[in-house]
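So the chains spell out like this:
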Amino acid sequence: MSNTVYWILETNIKDGESENLKTLMEELVSSTKENEPGALFYDWSISEDGKKCNILEMYKDSDAVMNHIGIFGKNYAARFMSMLE
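Residues numbered from 1 in each chain as written. Predicted model: local features only at pLDDT ≥ 70, side-chain atom pairs only at ≥ 80, totals over all residues. Heavy atoms only, no water.

Q: Let's hear about the nonpolar core: which residues, and what values?
A: Of all hydrophobic cores here, the largest spans 21 residues; its most connected members are L21, L28 and F80. Contributions of two or more residues to this core are made by helix 1 (18–35), strand 2 (39–46), strand 3 (52–59), helix 2 (62–75) and helix 3 (77–83). Sort the elements by how many residues they give to this core and helix 1 lands first, with five residues. (Core = buried A, V, L, I, M, F, W, Y, C linked by side-chain atoms within 4.5 Å. Buried < 20%, exposed > 50% of the residue type's maximum accessible area, 1.4 Å probe, protein only. Helix = DSSP H or I, 4+ residues; strand = E, 2+ residues; numbered from the N terminus.)

Listed below in structure tokens is the structure:
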């Protein structure tokens, strides 16, 4: 049995927020790589029409997830949620 935790998010992007989301996601990926050694995989894509975003995240264990959630909640959650439906 593995302790890894992962999820896939399939989201709808609010009208006019595609470019803002791209900027935020680049920030998130950079922060995750720099500050979260327990993050094993963190990738995202935006559809060509700018209406959908898919995010795949994988973490070493639950402690790594909780670390990510803390950083995300404090620094990014409000902006992230404001851009998605």
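Here the narrative resumes.
Q: Give me the sheet that holds strand 3: which residues, what numbers.
A: In space, the three strands of this open sheet follow the order 1-3-2, with antiparallel pairing throughout. Bordering the open sheet on either side are strand 1 (5–12) and strand 2, each of which pairs with just one other strand. Averaged over all pairs of adjacent strands, the angle between their axes in this sheet comes to 5°, without regard to strand direction. The pairing of strand 1 with strand 3 spans eight bridges and is classified as antiparallel. (Pairing = 2+ DSSP bridges. Axes fitted to C-alpha atoms, helices over the stretch in contact; angles between N-to-C directions.)

Q: Quick one: what's the story with a nonpolar patch on the surface, residue by residue and with numbers?
A: There is a patch of nonpolar side chains on the surface, built from Y6, I8, L40, F41 and L56 and spanning about 490 Å² of accessible area. For the nonpolar patch, the secondary structure elements donating two or more residues are strand 1 and strand 2. Among the structural elements, F41 can be located in strand 2. Classification of F41 by relative accessible area gives partly exposed; the value is 37%. (Patch = residues over 30% accessible without salt bridge, like charges linked within 9 Å, V, L, I, M, F, W, Y side chains within 5 Å. Areas by Shrake-Rupley, 256 points an atom, 1.4 Å probe, with all protein chains shown as cover. Salt bridge = Lys/Arg side-chain N within 4 Å of Asp/Glu carboxyl O.)

So far we have only geometry, and geometry alone does not tell us how the molecule works.
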